[in-house]
Amino acid sequence: MKLNQFLEDHFPNLKLIPPIFYGWDYSIRFELGNPPLFRVNKELYMEQVYYRSLELFKALHDKDDELLLVTSAYFADIPKNKVKKLNLYKKYIKNKDSLMALNLEILPDIDLDPDEIPDPRNNMYRYWTTCKVKDLRYSELIKSICNHDVGIRPMIYHRVYFINISKRTIFHIYDDRGCDVISESKDDLIHIYTKYNSWILDYDRERIDKTFL
């Protein structure tokens, strides 16, 4: 499955850059971590973050679902010919065929104004491959994504998108505070909108309720 073709077919005009919540009609933004709790008890805060992120992932994905695992990375001053494939894939994907099929697409500065000269240091390195959910160490991967901004190891500081080919959904944890979920169809998100309604970020609740009520 080709990444760009899948996005064009099912999520036309969507830019795979955060916040994807605001770039698609059928979208939900969930709160993972409660900021006041972080100041009181960091350990309990992270337990909540892990629990919510994993519950949402499991609600959206079945073990036999096929995924496009996409990672957007920035390497700034590292020359193009010295950029290596990410260890993220070797560490978290068990299927060797998926590792062998890893793709790399280099995108020029996406925030560039029309009259500006591109700076190679701002290039985005987009890696992606396909795998089954059951071939992914998703619990460890998700925890590593959540760990970045709070300084806990292991951590992943790249942007990681879980694109469910089978369910036509995209799941993105933008940091320990929250995550975005979007779907090709509104009906495909009704169940998590209902079940995890209390986790919806209050700041965006009015917009989300208008879509799903």
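Being a predicted model, the structure only gives us computed values, none of them experimental.

Participant: I keep staring at the layout of surface pockets and nothing clicks. Help me out?
Facilitator: Empty space among the atoms can be located by rolling a probe the size of a water molecule over them. Taken as a whole, the second largest pocket spans an internal volume of roughly 170 Å³. The set of elements that each furnish at least two residues to the lining of the second largest pocket consists of α6 (138-147), β5 (159-164) and β6 (169-175). Classifying every residue of the lining of the second largest pocket gives eight nonpolar, three polar and four charged.

Participant: Before we go on, may I ask you to explain the sheet that holds strand β2 (residues 66-73) in this structure?
Facilitator: Strand pairing in a sheet takes place through backbone hydrogen bonds and is either antiparallel or parallel in direction. Pairing is antiparallel in the open sheet, where seven strands are placed in the order β1-β7-β6-β5-β2-β4-β3. Both edges of this open sheet fall to β1 (27-31) and β3 (103-107), since each of them pairs with a single strand only. In this sheet, adjacent strand axes meet at a mean angle of 20° when their direction is disregarded. In this structure, β2 lies alongside β5, joined through six bridges in antiparallel fashion. Bridging across to β5, Thr 71 finds its partner in Val 160. The sheet contacts of helix α3 (residues 42-60) involve β1, β5, β6 and β7 (178-183), and relative to β6 the element is tilted by about 170°.

Participant: I keep staring at the pairing of β5 and nothing clicks. Help me out?
Facilitator: Successive side chains on a regular strand alternate, one facing one side of the sheet and the next facing the other. Among the six residues that make up β5, five are buried, leaving the element largely enclosed by the rest of the structure. Two strands pair when backbone bridges link them, and β5 and β6 are joined in this way by four bridges, in the antiparallel orientation. The residue bridging Asn 164 from the neighbouring strand is Thr 169, located in β6.

Participant: For this particular structure, what's the right way to read the side chain of Arg 205?
Facilitator: Its place among the elements puts Arg 205 in helix α8 (residues 205-212). For Arg 205, a relative accessible area of 18% corresponds to the buried category. Engagement of the side chain of Arg 205 in a polar contact is seen with the backbone oxygen of Asn 197, the distance being 2.7 Å. Every residue in contact with Arg 205, bar those within four places of it in the chain, is listed here: Asn 197, Ser 198 and Ile 200.

Participant: So what exactly am I meant to see when it comes to the pattern of salt bridges here?
Facilitator: It is possible for side chains of opposite charge to pair when their charged atoms get near one another. In the structure shown here, the tally under the stated rule is nine salt bridges. Among the salt bridges present, the one from Asp 62 reaches Lys 167, with a minimum N-O distance of 2.8 Å. Within this pair, whereas Asp 62 is found in the loop between α3 and β2, its partner Lys 167 is found in the loop between β5 and β6, the two being separated by 105 residues in sequence. The class for Asp 62 is partly exposed, based on a relative accessible area of 43%. Lys 167 sits in the partly exposed class, given a relative accessible area of 29%.

Participant: Explanation requested: the packing of aromatic side chains in the structure shown.
Facilitator: Working definition: an aromatic ring pair is given by the centre-to-centre distance plus the angle between the planes. Enumeration over the complete set of coordinates arrives at 11 aromatic pairs. Note on Phe 21 and Tyr 22: the rings are 4.8 Å apart at their centroids and 80° apart in plane angle, and the pair reads as edge-to-face. The class of Phe 21 is buried, set by a relative accessible area of 0%. Take Tyr 22: its relative accessible area is 39%, and that puts it in the partly exposed class. Centre to centre, the rings of Tyr 51 and Trp 199 are 6.0 Å apart; their planes meet at 70°, and the pair counts as edge-to-face. Of this pair, Tyr 51 sits in helix α3 while Trp 199 sits in the loop between α7 (190-195) and α8, and the two are 148 residues apart along the sequence. By relative accessible area, Trp 199 is classed as buried at 11%. A cation sits over an aromatic face here: Lys 143 above Tyr 50, 5.5 Å from the ring centre. Sitting over the face of the ring of Phe 21, Arg 207 holds its NZ or CZ atom 4.7 Å from the ring centroid.

What counts, and where the lines are drawn
- Residues numbered from 1 in each chain as written.
- Predicted model: local features only at pLDDT ≥ 70, side-chain atom pairs only at ≥ 80, totals over all residues.
- Heavy atoms only, no water.
- 1 Å grid on protein atoms, 1.4 Å probe; cavity = no way out; pocket = protein on both sides within 12 Å on 5 of 7 lines; lining within 4 Å.
- Points joined across faces, edges and corners; volume = space filled by probe spheres on them.
- Helix = DSSP H or I, 4+ residues; strand = E, 2+ residues; numbered from the N terminus.
- Nonpolar A, V, L, I, M, F, W, Y, C, P; charged D, E, K, R; others polar.
- Pairing = 2+ DSSP bridges.
- Axes fitted to C-alpha atoms, helices over the stretch in contact; angles between N-to-C directions.
- Contact = heavy atoms within 4.5 Å.
- Buried < 20%, exposed > 50% of the residue type's maximum accessible area, 1.4 Å probe, protein only.
- Polar contact = N/O pair within 3.5 Å; in protein donor to acceptor, adjacent residues only side chain to side chain.
- Salt bridge = Lys/Arg side-chain N within 4 Å of Asp/Glu carboxyl O.
- Phe/Tyr/Trp six-rings, centres within 6.5 Å; stacked < 30°, edge-to-face > 60°.
- Lys NZ or Arg CZ within 6 Å of the ring centre and 35° of its normal.

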